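# Geometric and topological summary
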Amino acid sequence: MASSPAIPENRNAITAEWLWQALTAGGASGLPTIENVVVEDIGAGVGILAEILRCHLTYRDEARAAPETVIVKLPSTHRKTLRMGKWQRLYKREYAYYRHLSRQSPLRSPRLLYGDFEASSHRFVLVLEDLRGMDVFDEIEGAGAENAKRAIRAVAKLHGHYWNKVDRPPLSGLHDIFAAKYRPLLQVVYLASLVPTLNRFGDAFSVDMRRLAEAYGPRVADHIGEAAAGTKTFVHGDFRLDNMFFGPGPGEDLTLVDWQISGLACGLWDVAFLLGSSVSIEVRRQIERESLEEYHDILCSMGVSDFTFEECWRLYREYVLGRLVVAVFLCGGVDLPFDRSRRLAEVSLRRTLAAIEDLDAAEFLPDRRRFFSLANAFSTFSHGAYKAYKAVR
(Lines give C-alpha, C1' and ligand atoms only; values in the text may rest on other atoms or scores of the structure.)
Protein backbone atom coordinates (compact mmCIF):
# COMPACT_ATOMS: atom_id res chain seq x y z
CA MET A 1 0.00 0.00 0.00
CA ALA A 2 1.36 3.42 -0.99
CA SER A 3 2.43 5.74 1.82
CA SER A 4 0.30 8.77 2.54
CA PRO A 5 1.72 12.17 1.58
CA ALA A 6 1.88 15.02 4.09
CA ILE A 7 -1.22 17.19 4.45
CA PRO A 8 -0.64 20.31 2.31
CA GLU A 9 0.03 23.48 4.25
CA ASN A 10 -1.79 25.48 1.58
CA ARG A 11 -2.76 25.38 -2.08
CA ASN A 12 0.86 25.97 -3.16
CA ALA A 13 1.76 22.56 -1.76
CA ILE A 14 -0.65 20.80 -4.14
CA THR A 15 1.83 19.70 -6.76
CA ALA A 16 1.70 17.06 -9.47
CA GLU A 17 3.81 14.76 -7.30
CA TRP A 18 1.62 15.31 -4.24
CA LEU A 19 -1.57 14.54 -6.15
CA TRP A 20 -0.10 11.39 -7.67
CA GLN A 21 0.91 10.18 -4.21
CA ALA A 22 -2.50 11.04 -2.76
CA LEU A 23 -4.52 9.34 -5.51
CA THR A 24 -2.27 6.28 -5.37
CA ALA A 25 -2.56 6.08 -1.57
CA GLY A 26 -6.33 6.38 -1.98
CA GLY A 27 -6.45 3.24 -4.08
CA ALA A 28 -5.90 4.35 -7.69
CA SER A 29 -3.87 1.60 -9.35
CA GLY A 30 -1.74 2.00 -12.45
CA LEU A 31 -2.11 5.77 -12.40
CA PRO A 32 0.17 7.40 -14.98
CA THR A 33 2.62 10.03 -13.84
CA ILE A 34 0.93 13.40 -13.42
CA GLU A 35 2.97 15.90 -15.39
CA ASN A 36 1.24 19.12 -14.42
CA VAL A 37 -1.55 20.43 -12.20
CA VAL A 38 -3.38 23.75 -12.46
CA VAL A 39 -5.17 24.78 -9.26
CA GLU A 40 -8.37 26.81 -9.57
CA ASP A 41 -10.13 28.39 -6.57
CA ILE A 42 -13.86 27.59 -6.87
CA GLY A 43 -14.81 28.30 -3.25
CA ALA A 44 -14.61 32.09 -3.26
CA GLY A 45 -17.92 33.38 -1.92
CA VAL A 46 -19.27 29.82 -1.62
CA GLY A 47 -16.93 27.87 0.67
CA ILE A 48 -17.25 30.02 3.80
CA LEU A 49 -15.72 27.48 6.21
CA ALA A 50 -13.05 25.85 4.04
CA GLU A 51 -10.93 26.32 0.93
CA ILE A 52 -12.28 24.51 -2.15
CA LEU A 53 -10.00 23.98 -5.15
CA ARG A 54 -10.45 22.33 -8.53
CA CYS A 55 -7.27 20.70 -9.81
CA HIS A 56 -6.84 20.19 -13.57
CA LEU A 57 -4.49 17.28 -14.26
CA THR A 58 -2.36 16.46 -17.28
CA TYR A 59 -0.52 13.15 -17.55
CA ARG A 60 2.79 12.18 -19.10
CA ASP A 61 1.23 9.16 -20.81
CA GLU A 62 -2.24 8.31 -22.08
CA ALA A 63 -4.69 8.11 -19.18
CA ARG A 64 -8.17 7.20 -20.34
CA ALA A 65 -9.44 6.04 -16.95
CA ALA A 66 -7.66 8.68 -14.87
CA PRO A 67 -9.56 11.77 -13.70
CA GLU A 68 -9.02 15.00 -15.64
CA THR A 69 -10.05 17.07 -12.63
CA VAL A 70 -10.43 16.49 -8.89
CA ILE A 71 -11.64 18.66 -6.02
CA VAL A 72 -9.27 19.31 -3.13
CA LYS A 73 -10.62 20.66 0.13
CA LEU A 74 -8.40 22.31 2.76
CA PRO A 75 -9.05 24.25 5.99
CA SER A 76 -9.99 27.91 5.76
CA THR A 77 -7.14 30.39 5.50
CA HIS A 78 -8.91 32.85 7.83
CA ARG A 79 -7.78 32.63 11.47
CA LYS A 80 -11.17 33.24 13.10
CA THR A 81 -12.87 30.65 10.89
CA LEU A 82 -10.00 28.21 11.46
CA ARG A 83 -10.35 28.54 15.25
CA MET A 84 -14.09 28.01 15.00
CA GLY A 85 -13.57 24.98 12.75
CA LYS A 86 -11.34 23.38 15.37
CA TRP A 87 -13.66 24.28 18.25
CA GLN A 88 -16.71 22.83 16.45
CA ARG A 89 -14.69 19.88 15.07
CA LEU A 90 -15.97 20.77 11.59
CA TYR A 91 -13.11 19.24 9.64
CA LYS A 92 -13.08 16.12 11.78
CA ARG A 93 -16.81 15.67 11.23
CA GLU A 94 -16.53 15.90 7.46
CA TYR A 95 -13.55 13.56 7.37
CA ALA A 96 -15.46 11.05 9.54
CA TYR A 97 -18.48 11.22 7.23
CA TYR A 98 -16.47 10.44 4.11
CA ARG A 99 -14.47 7.68 5.81
CA HIS A 100 -17.31 5.89 7.57
CA LEU A 101 -20.73 6.83 6.17
CA SER A 102 -20.59 8.09 2.61
CA ARG A 103 -20.57 4.71 0.89
CA GLN A 104 -23.66 3.42 2.68
CA SER A 105 -25.69 6.63 2.83
CA PRO A 106 -28.89 6.72 0.73
CA LEU A 107 -28.05 10.33 -0.15
CA ARG A 108 -25.17 10.52 -2.60
CA SER A 109 -21.99 12.52 -1.98
CA PRO A 110 -18.82 12.89 -4.09
CA ARG A 111 -16.60 9.82 -4.13
CA LEU A 112 -13.66 10.11 -1.73
CA LEU A 113 -10.41 9.61 -3.64
CA TYR A 114 -8.11 10.38 -0.73
CA GLY A 115 -8.41 11.89 2.74
CA ASP A 116 -6.29 12.62 5.79
CA PHE A 117 -6.87 14.30 9.14
CA GLU A 118 -4.40 15.34 11.85
CA ALA A 119 -6.05 15.12 15.27
CA SER A 120 -3.57 17.38 17.09
CA SER A 121 -4.04 20.39 14.80
CA HIS A 122 -7.32 19.55 12.99
CA ARG A 123 -5.54 20.08 9.68
CA PHE A 124 -7.12 17.97 6.95
CA VAL A 125 -7.31 17.34 3.24
CA LEU A 126 -9.97 15.70 1.10
CA VAL A 127 -9.51 14.76 -2.55
CA LEU A 128 -12.94 14.25 -4.04
CA GLU A 129 -14.67 13.35 -7.28
CA ASP A 130 -15.42 16.44 -9.37
CA LEU A 131 -19.17 16.80 -10.02
CA ARG A 132 -18.84 18.86 -13.19
CA GLY A 133 -21.73 18.12 -15.53
CA MET A 134 -24.39 18.15 -12.83
CA ASP A 135 -26.71 21.14 -12.48
CA VAL A 136 -26.05 23.81 -9.86
CA PHE A 137 -28.24 26.76 -8.94
CA ASP A 138 -27.55 30.10 -7.31
CA GLU A 139 -28.58 30.17 -3.65
CA ILE A 140 -28.99 33.94 -3.71
CA GLU A 141 -31.61 33.55 -6.44
CA GLY A 142 -33.08 30.61 -4.53
CA ALA A 143 -34.23 27.10 -5.35
CA GLY A 144 -37.27 26.71 -7.55
CA ALA A 145 -40.30 24.94 -6.14
CA GLU A 146 -39.60 21.59 -7.80
CA ASN A 147 -35.90 21.47 -6.88
CA ALA A 148 -36.69 22.43 -3.28
CA LYS A 149 -39.25 19.60 -3.02
CA ARG A 150 -36.80 17.26 -4.74
CA ALA A 151 -34.17 18.07 -2.11
CA ILE A 152 -36.62 17.51 0.76
CA ARG A 153 -37.65 14.13 -0.65
CA ALA A 154 -33.97 13.14 -0.84
CA VAL A 155 -33.13 14.23 2.71
CA ALA A 156 -36.26 12.49 4.02
CA LYS A 157 -34.77 9.21 2.80
CA LEU A 158 -31.50 9.98 4.60
CA HIS A 159 -33.34 10.76 7.82
CA GLY A 160 -35.65 7.76 7.54
CA HIS A 161 -32.69 5.43 6.96
CA TYR A 162 -31.04 6.41 10.27
CA TRP A 163 -34.14 7.30 12.32
CA ASN A 164 -33.75 6.18 15.94
CA LYS A 165 -30.46 4.39 15.15
CA VAL A 166 -28.02 6.90 16.63
CA ASP A 167 -26.91 4.63 19.46
CA ARG A 168 -25.53 1.91 17.21
CA PRO A 169 -22.73 1.72 14.60
CA PRO A 170 -21.95 3.50 12.37
CA LEU A 171 -23.65 6.47 14.09
CA SER A 172 -22.68 5.79 17.70
CA GLY A 173 -19.94 8.16 18.75
CA LEU A 174 -20.62 10.72 16.03
CA HIS A 175 -20.99 14.41 16.88
CA ASP A 176 -24.28 15.27 18.61
CA ILE A 177 -24.86 18.72 17.13
CA PHE A 178 -27.03 20.08 19.94
CA ALA A 179 -25.60 18.15 22.89
CA ALA A 180 -25.98 19.88 26.26
CA LYS A 181 -22.29 20.78 26.49
CA TYR A 182 -22.46 22.82 23.27
CA ARG A 183 -25.60 24.83 24.01
CA PRO A 184 -24.03 27.47 26.29
CA LEU A 185 -21.28 27.98 23.72
CA LEU A 186 -23.86 28.44 20.97
CA GLN A 187 -25.53 31.05 23.14
CA VAL A 188 -22.27 32.94 23.69
CA VAL A 189 -21.42 32.80 19.97
CA TYR A 190 -24.90 34.05 19.07
CA LEU A 191 -24.69 36.99 21.47
CA ALA A 192 -21.16 37.85 20.33
CA SER A 193 -22.35 37.84 16.71
CA LEU A 194 -25.58 39.77 17.25
CA VAL A 195 -24.10 43.27 17.62
CA PRO A 196 -21.99 43.00 14.43
CA THR A 197 -25.04 41.56 12.63
CA LEU A 198 -27.24 44.45 13.69
CA ASN A 199 -24.52 46.92 12.72
CA ARG A 200 -24.05 45.39 9.26
CA PHE A 201 -27.58 44.34 8.39
CA GLY A 202 -29.81 46.21 10.81
CA ASP A 203 -32.25 47.22 8.09
CA ALA A 204 -33.17 43.55 7.60
CA PHE A 205 -34.88 43.54 11.01
CA SER A 206 -38.35 44.86 11.63
CA VAL A 207 -38.90 46.40 15.05
CA ASP A 208 -40.50 43.17 16.26
CA MET A 209 -37.75 40.95 14.83
CA ARG A 210 -35.01 43.09 16.34
CA ARG A 211 -36.73 42.81 19.71
CA LEU A 212 -37.06 39.04 19.26
CA ALA A 213 -33.41 38.63 18.20
CA GLU A 214 -32.25 40.38 21.36
CA ALA A 215 -34.71 38.53 23.61
CA TYR A 216 -33.64 35.22 22.05
CA GLY A 217 -29.94 35.73 22.89
CA PRO A 218 -30.00 34.79 26.59
CA ARG A 219 -32.42 31.93 25.86
CA VAL A 220 -30.64 30.21 22.97
CA ALA A 221 -29.38 27.35 25.14
CA ASP A 222 -32.82 26.71 26.60
CA HIS A 223 -34.54 26.80 23.21
CA ILE A 224 -32.05 24.47 21.55
CA GLY A 225 -32.38 22.09 24.49
CA GLU A 226 -36.17 22.01 24.17
CA ALA A 227 -36.09 21.52 20.38
CA ALA A 228 -33.41 18.81 20.59
CA ALA A 229 -35.31 16.68 23.10
CA GLY A 230 -37.05 14.58 20.43
CA THR A 231 -36.00 11.78 18.12
CA LYS A 232 -32.59 12.01 16.46
CA THR A 233 -31.23 10.85 13.15
CA PHE A 234 -28.21 11.68 10.98
CA VAL A 235 -28.42 15.13 9.39
CA HIS A 236 -26.39 17.03 6.83
CA GLY A 237 -26.52 20.14 9.01
CA ASP A 238 -25.78 22.67 6.24
CA PHE A 239 -28.61 21.66 3.94
CA ARG A 240 -28.69 24.57 1.49
CA LEU A 241 -28.66 25.09 -2.26
CA ASP A 242 -24.95 25.92 -2.64
CA ASN A 243 -24.19 22.41 -1.37
CA MET A 244 -26.44 20.63 -3.88
CA PHE A 245 -25.76 19.18 -7.32
CA PHE A 246 -28.77 18.00 -9.34
CA GLY A 247 -28.79 15.34 -12.02
CA PRO A 248 -30.47 16.07 -15.36
CA GLY A 249 -34.21 15.67 -15.64
CA PRO A 250 -36.90 15.49 -12.96
CA GLY A 251 -35.55 12.39 -11.16
CA GLU A 252 -34.29 12.08 -7.60
CA ASP A 253 -30.59 12.26 -8.49
CA LEU A 254 -29.18 14.69 -5.91
CA THR A 255 -25.59 14.84 -4.66
CA LEU A 256 -24.64 16.74 -1.50
CA VAL A 257 -21.26 18.25 -0.67
CA ASP A 258 -19.86 19.99 2.43
CA TRP A 259 -20.59 17.61 5.31
CA GLN A 260 -18.70 19.70 7.89
CA ILE A 261 -21.81 20.40 10.00
CA SER A 262 -23.10 16.82 9.79
CA GLY A 263 -23.97 14.83 12.88
CA LEU A 264 -26.81 13.68 15.08
CA ALA A 265 -29.89 15.89 15.43
CA CYS A 266 -33.58 16.11 14.63
CA GLY A 267 -34.24 15.75 10.91
CA LEU A 268 -36.42 18.85 10.85
CA TRP A 269 -33.24 20.91 11.31
CA ASP A 270 -32.29 20.13 7.69
CA VAL A 271 -35.78 20.93 6.41
CA ALA A 272 -35.90 24.25 8.26
CA PHE A 273 -32.38 25.03 7.03
CA LEU A 274 -33.37 24.64 3.38
CA LEU A 275 -36.77 26.32 3.44
CA GLY A 276 -35.59 29.08 5.76
CA SER A 277 -32.54 30.11 3.75
CA SER A 278 -32.29 28.66 0.23
CA VAL A 279 -35.81 29.28 -1.04
CA SER A 280 -37.28 32.67 -1.83
CA ILE A 281 -39.92 33.89 0.59
CA GLU A 282 -42.63 33.54 -2.05
CA VAL A 283 -41.66 29.98 -3.04
CA ARG A 284 -41.40 28.90 0.60
CA ARG A 285 -44.91 30.15 1.30
CA GLN A 286 -46.15 28.30 -1.76
CA ILE A 287 -44.64 24.86 -1.06
CA GLU A 288 -44.04 24.81 2.71
CA ARG A 289 -47.03 22.79 3.91
CA GLU A 290 -47.00 20.42 0.94
CA SER A 291 -43.27 19.77 1.35
CA LEU A 292 -43.64 18.93 5.04
CA GLU A 293 -46.52 16.58 4.30
CA GLU A 294 -44.46 14.77 1.67
CA TYR A 295 -41.45 14.61 4.03
CA HIS A 296 -43.64 13.07 6.74
CA ASP A 297 -45.18 10.56 4.29
CA ILE A 298 -41.72 9.35 3.23
CA LEU A 299 -40.64 8.84 6.84
CA CYS A 300 -43.78 6.82 7.56
CA SER A 301 -43.27 4.70 4.42
CA MET A 302 -39.79 3.84 5.74
CA GLY A 303 -41.15 2.50 9.02
CA VAL A 304 -41.05 5.60 11.23
CA SER A 305 -43.91 5.36 13.72
CA ASP A 306 -45.20 7.38 16.67
CA PHE A 307 -44.41 10.59 14.80
CA THR A 308 -47.49 12.53 13.78
CA PHE A 309 -47.63 15.24 11.17
CA GLU A 310 -48.59 17.70 13.91
CA GLU A 311 -45.33 16.91 15.72
CA CYS A 312 -43.41 17.18 12.44
CA TRP A 313 -44.89 20.62 11.72
CA ARG A 314 -44.25 21.83 15.28
CA LEU A 315 -40.60 20.79 15.16
CA TYR A 316 -40.17 22.47 11.80
CA ARG A 317 -41.46 25.74 13.25
CA GLU A 318 -39.21 25.36 16.30
CA TYR A 319 -36.13 24.87 14.15
CA VAL A 320 -37.04 27.83 11.96
CA LEU A 321 -36.52 29.91 15.11
CA GLY A 322 -33.25 28.03 15.69
CA ARG A 323 -32.15 29.07 12.18
CA LEU A 324 -31.61 32.50 13.71
CA VAL A 325 -28.47 31.19 15.43
CA VAL A 326 -26.88 30.29 12.09
CA ALA A 327 -28.08 33.43 10.29
CA VAL A 328 -26.73 35.74 12.99
CA PHE A 329 -23.45 33.85 13.24
CA LEU A 330 -22.87 34.02 9.48
CA CYS A 331 -23.70 37.72 9.36
CA GLY A 332 -21.67 38.76 12.39
CA GLY A 333 -19.35 35.97 13.47
CA VAL A 334 -17.32 34.89 10.44
CA ASP A 335 -15.16 36.65 7.88
CA LEU A 336 -17.09 37.61 4.73
CA PRO A 337 -14.23 38.62 2.45
CA PHE A 338 -16.15 38.31 -0.83
CA ASP A 339 -19.10 40.30 -2.08
CA ARG A 340 -21.04 37.12 -2.80
CA SER A 341 -20.58 35.69 0.69
CA ARG A 342 -21.79 38.97 2.18
CA ARG A 343 -24.86 39.06 -0.09
CA LEU A 344 -25.57 35.40 0.63
CA ALA A 345 -25.44 35.99 4.38
CA GLU A 346 -27.84 38.93 4.09
CA VAL A 347 -30.31 37.08 1.85
CA SER A 348 -30.28 34.10 4.21
CA LEU A 349 -30.93 36.39 7.18
CA ARG A 350 -33.87 38.12 5.49
CA ARG A 351 -35.45 34.80 4.51
CA THR A 352 -35.00 33.42 8.03
CA LEU A 353 -36.61 36.48 9.63
CA ALA A 354 -39.54 36.31 7.20
CA ALA A 355 -40.08 32.61 7.97
CA ILE A 356 -40.04 33.26 11.72
CA GLU A 357 -42.69 35.93 11.30
CA ASP A 358 -44.85 33.91 8.88
CA LEU A 359 -44.82 30.84 11.12
CA ASP A 360 -45.19 32.75 14.39
CA ALA A 361 -42.09 30.86 15.54
CA ALA A 362 -41.54 33.41 18.31
CA GLU A 363 -44.10 31.28 20.15
CA PHE A 364 -41.21 28.93 20.97
CA LEU A 365 -39.15 31.55 22.77
CA PRO A 366 -38.63 29.90 26.19
CA ASP A 367 -39.87 31.53 29.36
CA ARG A 368 -37.23 33.04 31.59
CA ARG A 369 -35.94 30.56 34.15
CA ARG A 370 -36.71 30.90 37.83
CA PHE A 371 -34.38 33.39 39.45
CA PHE A 372 -32.36 31.07 41.71
CA SER A 373 -30.96 28.60 39.19
CA LEU A 374 -27.64 27.99 37.48
CA ALA A 375 -29.29 28.27 34.06
CA ASN A 376 -30.82 31.61 34.96
CA ALA A 377 -27.51 32.87 36.31
CA PHE A 378 -25.82 31.97 33.02
CA SER A 379 -28.64 33.58 31.05
CA THR A 380 -28.42 36.77 33.11
CA PHE A 381 -24.62 36.90 32.84
CA SER A 382 -24.60 36.34 29.07
CA HIS A 383 -27.32 38.97 28.58
CA GLY A 384 -25.34 41.43 30.69
CA ALA A 385 -22.19 40.70 28.70
CA TYR A 386 -24.14 41.31 25.50
CA LYS A 387 -25.39 44.69 26.75
CA ALA A 388 -21.86 45.70 27.75
CA TYR A 389 -20.48 44.60 24.37
CA LYS A 390 -23.27 46.47 22.60
CA ALA A 391 -22.45 49.63 24.59
CA VAL A 392 -18.74 49.65 23.72
CA ARG A 393 -19.45 48.95 20.06
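Described below are features of the structure shown in this document.

Procedures and definitions
Residues numbered from 1 in each chain as written. Predicted model: local features only at pLDDT ≥ 70, side-chain atom pairs only at ≥ 80, totals over all residues. Heavy atoms only, no water. Helix = DSSP H or I, 4+ residues; strand = E, 2+ residues; numbered from the N terminus. Rg over C-alpha atoms; globule rule 2.2 N^0.38 Å. Buried < 20%, exposed > 50% of the residue type's maximum accessible area, 1.4 Å probe, protein only. Contact = heavy atoms within 4.5 Å. Areas by Shrake-Rupley, 256 points an atom, 1.4 Å probe, with all protein chains shown as cover. Lys, Arg positive; Asp, Glu negative; His and termini not counted. Charge placed at Lys NZ, Arg CZ, Asp CG, Glu CD. Core = buried A, V, L, I, M, F, W, Y, C linked by side-chain atoms within 4.5 Å. 1 Å grid on protein atoms, 1.4 Å probe; cavity = no way out; pocket = protein on both sides within 12 Å on 5 of 7 lines; lining within 4 Å. Points joined across faces, edges and corners; volume = space filled by probe spheres on them. Nonpolar A, V, L, I, M, F, W, Y, C, P; charged D, E, K, R; others polar. Pairing = 2+ DSSP bridges. Axes fitted to C-alpha atoms, helices over the stretch in contact; angles between N-to-C directions. Parallel < 35°, antiparallel > 145°, perpendicular 65-115°, else oblique. Left-handed = near helix turned anticlockwise from the far one by under 90°.

### Focus on the overall build of the chain
- What the chain contains, in helices and strands, is twelve helices and nine strands.
- For 393 residues, the compact-globule estimate of 2.2 N^0.38 gives 21 Å, and the chain sits close to it at 21 Å.
- Relative to its full complement of 393 residues, the chain shows a buried share of 56%.
- Taking the intrachain contacts of the chain between residues at least 6 apart in sequence as the baseline, contacts between residues at least 24 apart amount to 73%.
- Summing over all exposed atoms, the chain offers an accessible surface of approximately 17,400 Å²; the carbon and sulfur share of this is 51%.
- Here the chain contributes 49 positive and 50 negative side-chain charges, whose respective centroids are spaced 6 Å apart.

### Here we look at the nonpolar core
- Within the largest apolar cluster, 100 residues are counted, with the highest numbers of intra-cluster contacts made by Tyr 190, Leu 268, Tyr 295, Tyr 316 and Tyr 319.
- For this core, the element with the most residues is helix 10 (residues 309-332), which contributes 15 residues.
- If near-sequence neighbours (up to four positions away) are discounted, Tyr 316 is found in contact with Leu 268, Val 271, Ala 272, Leu 275, Arg 284, Glu 288, Leu 292 and Leu 359.
- Of all hydrophobic cores here, the second largest spans 23 residues; its members include Ala 16, Tyr 59, Val 72 and Tyr 114.

### Describing the layout of surface pockets
- Put simply, the largest pocket is a space of about 760 Å³.
- If you trace the largest pocket, you find 37 residues lining it, with Gly 26, Arg 111, Leu 112, Leu 113 and Tyr 114 closest to the centre.
- When residues of the lining of the largest pocket are traced back to their parent elements, those giving at least two are helix 1 (16-25), strand 3 (69-75), helix 3 (90-100) and strand 4 (112-118).
- The element that contributes the greatest number of residues to the lining of the largest pocket is strand 4, accounting for five residues.
- Looking at the lining of the largest pocket, its residues break down into 18 nonpolar, eleven polar and eight charged.

### Regarding the pairing of strand 3
- The buried fraction of strand 3 is high, at seven of seven residues.
- The sheet contact formed by strand 2 (residues 50-59) and strand 3 spans seven bridges and is antiparallel. Within strand 3, the residue paired with His 56 across the bridge is Thr 69.
- As paired strands, strand 3 and strand 5 (residues 123-129) are joined by four bridges and run antiparallel to one another. Its bridge partner lying in strand 5, Ile 71 is registered against Leu 128.

### Remarks on the sheet that holds strand 2
- Judged by pairing direction, the sheet is antiparallel, and its five strands sit side by side in the order 1-2-3-5-4 without closing on themselves. A single partner strand is all that each edge strand has here, and the edge strands are strand 1 (34-41) and strand 4. Each strand of the sheet is rotated relative to its neighbour by a mean of 20°, with strand direction disregarded.
- Sitting on the sheet, helix 3 touches strand 2, strand 3, strand 4 and strand 5, and the angle it makes with strand 4 is about 140°.

### Focus on the packing of helix 8 (residues 268-277) against helix 9 (residues 281-301)
- Two numbers describe how helix 8 lies on helix 9: the axes approach to 11 Å, and their chain directions differ by 160°. By the angle class used here, helix 8 and helix 9 are roughly antiparallel. You can see that helix 8 and helix 9 cross each other, and the crossing is right-handed. Between helix 8 and helix 9, the contacting residues are Leu 268, Val 271 and Leu 275 on the first element and Arg 284, Ile 287, Glu 288, Leu 292 and Tyr 295 on the second.
- Partitioned by chemical class, the residues of the contact of helix 8 with helix 9 number six nonpolar, no polar and two charged.

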